[in-house]
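# Observations on chain architecture
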Amino acid sequence: MSVKRPKGTQDFLPAGSPGFSPEFGASNLNFLTATAQQVLERAGAKLIFTPVFEEAELVKRGVGDSTDIVRKEQFTVSHHGDHGGYILRPEGTASLMRAYMENGLKQLPLPLKLWTHGPMFRAERHQKGRYRQFHQLDYEIIGSDAALVDAEAIALMWNVIEALGLKHARIKLGSIGDAADRERYNAYLRERFTPLYDQLSPDSQDRLTRNPMRILDSKAPVDQELIADMNIQPMLDFLGEEAAAHFAEVQRTLHAWGIPFDIDPTIVRGLDYYRRTAWELHHEGVGAKSALGGGGRYDGLAQALGAKDPIPGIGWALGVERLLIAMQDEGLTFPAPPRPALFLAALDADQLAVTAELALGLRHLAQVEFAYRPLKMKQIFSEAERRNAVWVGFLGSDEAASQTVSLKNLDTGEQRVVAQAALADVL
RNA sequence: GUGGGUUUAGCUCAGCAGGUUAGAGCGCCGCUCUGUGGAAGCGGAGGCCGUGGGUUCAAAUCCCAUAAUCCACCCCA
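Residues numbered from 1 in each chain as written. Chains lettered and ligands numbered in written order. Predicted model: local features only at pLDDT ≥ 70, side-chain atom pairs only at ≥ 80, totals over all residues. Heavy atoms only, no water.

Let us look at the overall build of chain A. Looking only at helices and strands, one finds 15 helices and 16 strands in chain A. Over its C-alpha trace chain A gives a radius of gyration of 28 Å, far above what one expects of a compact globule, namely 22 Å for 427 residues. Across its three principal directions, the C-alpha atoms of chain A cover 95 × 50 × 50 Å. Within chain A, contacts between residues at least 6 apart in sequence are counted, and of these 69% link residues at least 24 apart. (Helix = DSSP H or I, 4+ residues; strand = E, 2+ residues; numbered from the N terminus. Rg over C-alpha atoms; globule rule 2.2 N^0.38 Å. Contact = heavy atoms within 4.5 Å.)

Let us now look at the nonpolar core. Core analysis: the largest hydrophobic core is formed by 90 residues, its most contacted members being Leu 40, Phe 193, Leu 292, Trp 316 and Leu 318. With 15 residues, the next largest nonpolar core counts Phe 370, Val 390, Leu 395 and Leu 407 among its residues. (Core = buried A, V, L, I, M, F, W, Y, C linked by side-chain atoms within 4.5 Å. Buried < 20%, exposed > 50% of the residue type's maximum accessible area, 1.4 Å probe, protein only.)

A few words on the domain arrangement of chain A. When the domains of chain A are assigned, the result is domain 1 (22-178 + 240-329) and domain 2 (342-426). In this structure, domain 1 and domain 2 have C-alpha centres spaced 49 Å apart. (Domains from an automatic or database assignment.)

What follows is about helix 6 (residues 179-193). Relative to the 21 Å expected for 15 residues at 1.5 Å per residue, helix 6 spans 21 Å between its end C-alpha atoms, a close match to the ideal helical length. Taken together, the buried positions of helix 6 are Asp 181, Arg 182, Tyr 185, Asn 186, Tyr 188, Leu 189 and Phe 193. Angular distribution of buried residues about the axis of helix 6 spans 160 degrees; they occupy a single face of the element. The exposed set on the far side of helix 6, more than 90 degrees from its buried face, consists of Glu 183 and Glu 191. (Expected span 1.5 Å × (residues − 1). Arc of directions from axis to C-beta.)

A few words now on the packing of aromatic side chains. Overall, the coordinates contain 10 aromatic pairs when judged by the stated rule. When the ring of Phe 381 is compared with that of Phe 394, the centres are 6.4 Å apart and the planes differ by 55 degrees; the resulting orientation is tilted. Of this pair, Phe 381 sits in helix 13 (residues 377-386) while Phe 394 sits in strand 14 (residues 391-395); the two residues are 13 residues apart in sequence, bridging distant segments of the chain. Using a relative accessible area of 13% as the deciding quantity, one classes Phe 394 as buried. Among the aromatic residues, ring-to-ring pairing joins Phe 12, Phe 24 and Tyr 131 into one connected group. (Phe/Tyr/Trp six-rings, centres within 6.5 Å; stacked < 30°, edge-to-face > 60°.)

The next thing to look at is the side chain of Ser 175. Among the structural elements, Ser 175 can be located in strand 7 (residues 170-175). Polar side-chain contacts of Ser 175 include one of 3.2 Å to the backbone nitrogen of Gly 177. The residues contacting Ser 175, other than those within four sequence positions of it, are Met 235, Leu 236, Leu 239, Phe 247, Arg 276, Thr 277 and Ala 278. (Polar contact = N/O pair within 3.5 Å; in protein donor to acceptor, adjacent residues only side chain to side chain.)

This paragraph deals with the packing of helix 1 (residues 26-42) against helix 5 (residues 147-164). Contact geometry for helix 1 and helix 5: axes closest at 9 Å, N-to-C directions at 135 degrees. Regarding the angle of helix 1 to helix 5, the classification is oblique. The interaxial crossing formed by helix 1 with helix 5 has right-handed handedness. Of the residues in helix 5, those in contact with Phe 31, Leu 32, Thr 35, Ala 36, Val 39 and Leu 40 of helix 1 are Leu 156, Asn 159, Val 160, Ala 163 and Leu 164. (Axes fitted to C-alpha atoms, helices over the stretch in contact; angles between N-to-C directions. Parallel < 35°, antiparallel > 145°, perpendicular 65-115°, else oblique. Left-handed = near helix turned anticlockwise from the far one by under 90°.)

This part covers the packing of helix 1 against helix 11 (residues 320-329). Close contact between helix 1 and helix 11 brings their axes to 11 Å; oriented N to C, the two are set at 100 degrees. The orientation of helix 1 with respect to helix 11, classified from their angle, is roughly perpendicular. Every residue of helix 11 that contacts helix 1 at Asn 28, Leu 29, Phe 31 and Leu 32 is listed here: Val 320, Leu 323, Leu 324 and Met 327. Of the residues in the contact of helix 1 with helix 11, the class split is 7 nonpolar, 1 polar and no charged. (Nonpolar A, V, L, I, M, F, W, Y, C, P; charged D, E, K, R; others polar.)

Once that is clear, we can look at unusual backbone geometry. Peptide bonds are mostly trans, and most non-glycine residues show a negative phi. Here the amide bond leading from Leu 110 into Pro 111 is cis, since omega sits at -5 degrees, within 30 degrees of zero. Relative to the helices and strands, Pro 111 is located in the loop between helix 4 (93-102) and strand 5 (112-121). Residue Asn 231 is not a glycine yet carries a positive backbone phi of 55 degrees. Judged by relative accessible area, which is 67%, Asn 231 ranks as exposed. Backbone geometry at Gln 403 places phi at a positive 55 degrees, although glycine is not the residue there. You can call Gln 403 exposed: its relative accessible area is 54%.

Further remarks concern helix 8 (residues 221-228). Along helix 8, the residues that are buried comprise Asp 223, Leu 226 and Ile 227. One side of helix 8 holds all its buried residues, which, seen down the axis, span an arc of 95 degrees. For helix 8, the exposed residues lying more than 90 degrees away from the buried face are Pro 221, Glu 225 and Ala 228.

Here we come to the pattern of salt bridges. Side chains that differ in sign of charge can pair as their charged atoms come close. Tallied over the full model, the rule gives 19 salt bridges. Here the salt bridges share partners, and the residues they tie into one network are Glu 369, Glu 383, Arg 386 and Arg 387. (Salt bridge = Lys/Arg side-chain N within 4 Å of Asp/Glu carboxyl O.)

Right, let's get into the sheet that holds strand 7. If you walk across this open sheet you meet the 8 strands as 1-5-6-11-10-9-7-8, and the pairing is mixed. Both outer strands of the open sheet, strand 1 (46-47) and strand 8 (262-263), are each paired with one neighbouring strand and no more. Of the strand pairs in this sheet, strand 10 (residues 291-297) and strand 11 (residues 313-319) are connected by 5 bridges, and their pairing is antiparallel. Note on strand 11: the bridge partner recorded for Gly 296 is Gly 315. Each of strand 5 and strand 6 (133-142) is contacted by helix 4, which is oriented at about 45 degrees to strand 6, the strand it contacts most. Of the strands in this sheet, strand 5, strand 6, strand 7, strand 9 (275-282), strand 10 and strand 11 touch helix 5, which is tilted by about 15 degrees from strand 11. (Pairing = 2+ DSSP bridges.)

Once that is clear, we can look at the sheet that holds strand 15 (residues 404-409). Taken in spatial order, the 5 strands of this open sheet run 13-12-14-15-16, and their pairing is mixed. Only two strands of the sheet have a single neighbouring strand rather than two, namely strand 13 (368-370) and strand 16 (415-419). On average, each strand axis in the sheet is tilted by 25 degrees relative to the strand beside it, whichever way the strands run. Of the strand pairs in this sheet, strand 12 (residues 342-346) and strand 13 are connected by 3 bridges, and their pairing is parallel. Its bridge partner being in strand 13, Phe 343 is matched across the sheet by Glu 369. Sheet strands in contact with helix 12 (residues 352-362) are strand 12, strand 13, strand 14 and strand 15, and its direction is about 160 degrees off that of strand 12. Relative to the sheet, helix 13 contacts strand 12, strand 14 and strand 15, its axis offset from that of strand 14 by approximately 150 degrees.

Here it is as structure tokens:
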């Protein structure tokens, strides 16, 4: 075995495969998207799909070229050896806003709710819940800056979690204010930490220039001890009047709707276009960073992509693999893939053609499989069981002569002989 | 990019004071078994022990490198 799947990727296998891991069964992906679809489409979200590769410029401008994603995690797409200026998308929001702007979607009733799902790509060293190709469920609502829209977006994310049966997820809610608020806060943090530069961990020394807010949730013990003694004001103290009112209304609405959340003043966004409301969904089972997903308002995105006027928007993404790991961690079971209603086999070569014809004729009704060569009685039952069929049916010379099929229900043991023409009634 | 663990059959793993044809369980294929199931017994296929060097009379076993994998840091979903 010399050819392997690319580093940091994984195969989602059919149940029963050797080496099958229950949380990454192929049918689990369908289950998650179907669950999200029900929740989101009942709220009026429209399904949309965009390419998995985009112009590098979109990601650079939409995600921010100071972020790790752009600095070191991009997969570039080349064509005939020439770099085509494309990269595999690392996230979905910029693509959806691009599609909104490019295709005149503002003609649809606004604000427009969109949802999508699919693979994303980041060239990272992978670890638990973190892969180079991973999947996201994505919801965005474009065209309104109302706090009610923020609250609904958070509620919908929570509804998806509830629909999946997860009990131990927690929403951490914060606000990063408007652009000016964040600038003032970053200036404040630099002012406080710069005199203590030598006492910071090396990582935080770097953060001080790139993203001071990250220092506050540093895991390094030296940082934590330092911060504990400094009496640092939280970001929320720096919110402007409008941002503060907006944040208060989001909280009030979530309370009214019974959506549980904790205020977390350390919430930071790695992507540059976020404004005001930001939140993360955490779960202890998924590994080091424990985030199942995150969301935020991105009123600055459209203009970063070249729009003349601002287009407000807010959205979230859930990591599919992380949801699956969390479900596994909580002991939730995944729906079993569909099982055959009937497995048909012939005892002799003479009846083989009949079993095949019968099987094909029944497939508009149910999942029906058949054997491609005559089998012995033991084999017929064994093969039917391996496929987890509900009914096993077989034809020998007797059945062929009388145009019947002998049936046995593998769950109940019920046994009967029916006319071939009446097989459909049994299923 | 940094640090640590792991890498032997399809799967899970044993073997590693270096010693001659490399093992188990499960799975797979066949037979016992020529009309009614999950069993049992017997038999069989399947590994140049991740890869490349080195030490040695001799390497799955010791050393070096490299890759993959898992976990953590950074960062993110």
